[in-house]
Amino acid sequence: MPLLIYLEIHDTTFQIYRKLADKVSASGFYVVVPDFFYGDPYAPENAERPLPVWLKDHGPDKGFEDAKPVIQALKSKGISSIGAAGFCWGAKPVVELGKYAYIQAAVLLHPSFVSLEDVQAVKVPISILGAEVDRMSPPELLKKFEEALNAKPEVDSFVKIFPGVEHGWTVRYKDEDEVAMKCADEAHEDMLNWFVKYVQ
């Protein structure tokens, strides 16, 4: 049975991740949602611990290192086809996993900390789903990602910019915001289709 690893959990969005993991699991995937923050998610409202301070304890490089033994343990149990989805912070560890082919497919959703050089080095099929309004990965950067990936025909890729939504829309939307909910559902479906194509 194929495996999907989700990287990144915020306290405020845990239920959404859980619901999304259940939806993916219902499609025939074995889903693992590790807490690579070890119970210490980033809290933007905590003025005493701004993002640069929090990142000292939870850098994406640590997420990449923490994911490797999880993948190894799963492979030791006979799971050979692994896909990973990274939301925001989680996109960087996922792209690192894709550079070294620890996984068979990657999906980045409103990625943060991902550079053009990172994307150019990916060796597995990758889908990048971004927001029209995003300081971390603005549409201009996403278009550069797309150009770089189009120059690598040996790596299948898909880049999509969702209009009218902001960074985090796939997991941090309000139920009354019909546009954001519709775009989140569409992004979730795009992610699932990517994994069905390359992991299942």
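In this text, all values refer to a predicted model and were calculated from it rather than measured experimentally.

Cut-offs applied
- Residues numbered from 1 in each chain as written.
- Predicted model: local features only at pLDDT ≥ 70, side-chain atom pairs only at ≥ 80, totals over all residues.
- Heavy atoms only, no water.
- Helix = DSSP H or I, 4+ residues; strand = E, 2+ residues; numbered from the N terminus.
- Rg over C-alpha atoms; globule rule 2.2 N^0.38 Å.
- Buried < 20%, exposed > 50% of the residue type's maximum accessible area, 1.4 Å probe, protein only.
- Contact = heavy atoms within 4.5 Å.
- Areas by Shrake-Rupley, 256 points an atom, 1.4 Å probe, with all protein chains shown as cover.
- Lys, Arg positive; Asp, Glu negative; His and termini not counted.
- Charge placed at Lys NZ, Arg CZ, Asp CG, Glu CD.
- Pairing = 2+ DSSP bridges.
- Right-handed = clockwise from strand over helix to strand, strands pointing away.
- Core = buried A, V, L, I, M, F, W, Y, C linked by side-chain atoms within 4.5 Å.
- Expected span 1.5 Å × (residues − 1).

Caption draft 1: Broad picture of the overall build of the chain. Helix and strand content of the chain: 7 helices and 6 strands. For 200 residues, the compact-globule estimate of 2.2 N^0.38 gives 16 Å, and the C-alpha radius of gyration of the chain, at 16 Å, lies within 12% of that figure. Projecting the C-alpha coordinates of the chain onto the three principal axes gives extents of approximately 45 × 35 × 35 Å. Here the chain holds 200 residues, and 52% of them are scored as buried. Sequence separation of 24 or more characterises 65% of the internal contacts of the chain that already satisfy a separation of 6 or more. A total of about 9700 Å² of accessible surface is found on the chain, and carbon and sulfur atoms cover 53% of it. Side chains of the chain carry 21 positive and 30 negative charges; the gap between the two charge centres is 5 Å.

Caption draft 2: Main features of the pairing of strand β3 (residues 82–87). When you tally the buried positions in β3, you get 6 out of 6 residues, the bulk of the element. Burial along β3 is two-sided: Ile82, Ala84 and Gly86 facing one way and Gly83, Ala85 and Phe87 facing the other are all buried. In this structure, β3 lies alongside strand β4 (residues 105–109), joined through 5 bridges in parallel fashion. By the bridge assignment for β4, Phe87 is matched with Leu109. Handedness of the crossover joining β3 and β4 through helix α4 (residues 91–99) is recorded here as right-handed.

Caption draft 3: Quick peek at the nonpolar core. Counting 30 residues, the largest nonpolar core has Leu97, Ile103, Leu108, Val114, Ile126 and Ile128 as the members making the most contacts within it. Of all the elements in the fold, those that place two or more residues in this core are α3 (60–76), β3, α4, β4, β5 (126–133) and α6 (139–150). Not counting the four nearest positions on each side in its chain, Ile103 is found in contact with Ile71, Ile82, Ala84, Val94, Leu97, Gly98 and Val124. Grouped together as the second largest cluster of nonpolar side chains are 28 residues, Val24, Trp169, Ala184 and Trp194 included.

Caption draft 4: Seen up close, unusual backbone geometry. With a phi angle near 50°, Tyr38 is a residue other than glycine that sits in the positive phi range. Here Tyr38 lies in the loop between β2 (30–32) and α2 (51–57). Judged by its relative accessible area of 54%, Tyr38 is exposed. With a phi angle near 35°, His110 is a residue other than glycine that sits in the positive phi range.

Caption draft 5: Structural view of α3. With 17 residues, α3 ought to run about 24 Å at 1.5 Å a step, and its terminal C-alpha atoms sit 25 Å apart, in line with that. Gly78, located one to two residues past α3, shows a positive phi value of around 95°.

Caption draft 6: The arrangement of the side chain of Ser127 in detail. Note that Ser127 resides in strand β5. Ser127 sits in the buried class, given a relative accessible area of 0%. For Ser127, the contacting residues outside a window of four places in its chain are Ala106, Val107, Leu108, Phe158 and Trp194.

Caption draft 7: Layout of the pairing of β4. Extensive coverage of β4 is indicated by the burial of 5 of its 5 residues. Here β4 shows no split at all, with Ala105, Val107 and Leu109 on one side and Ala106 and Leu108 on the other all buried.

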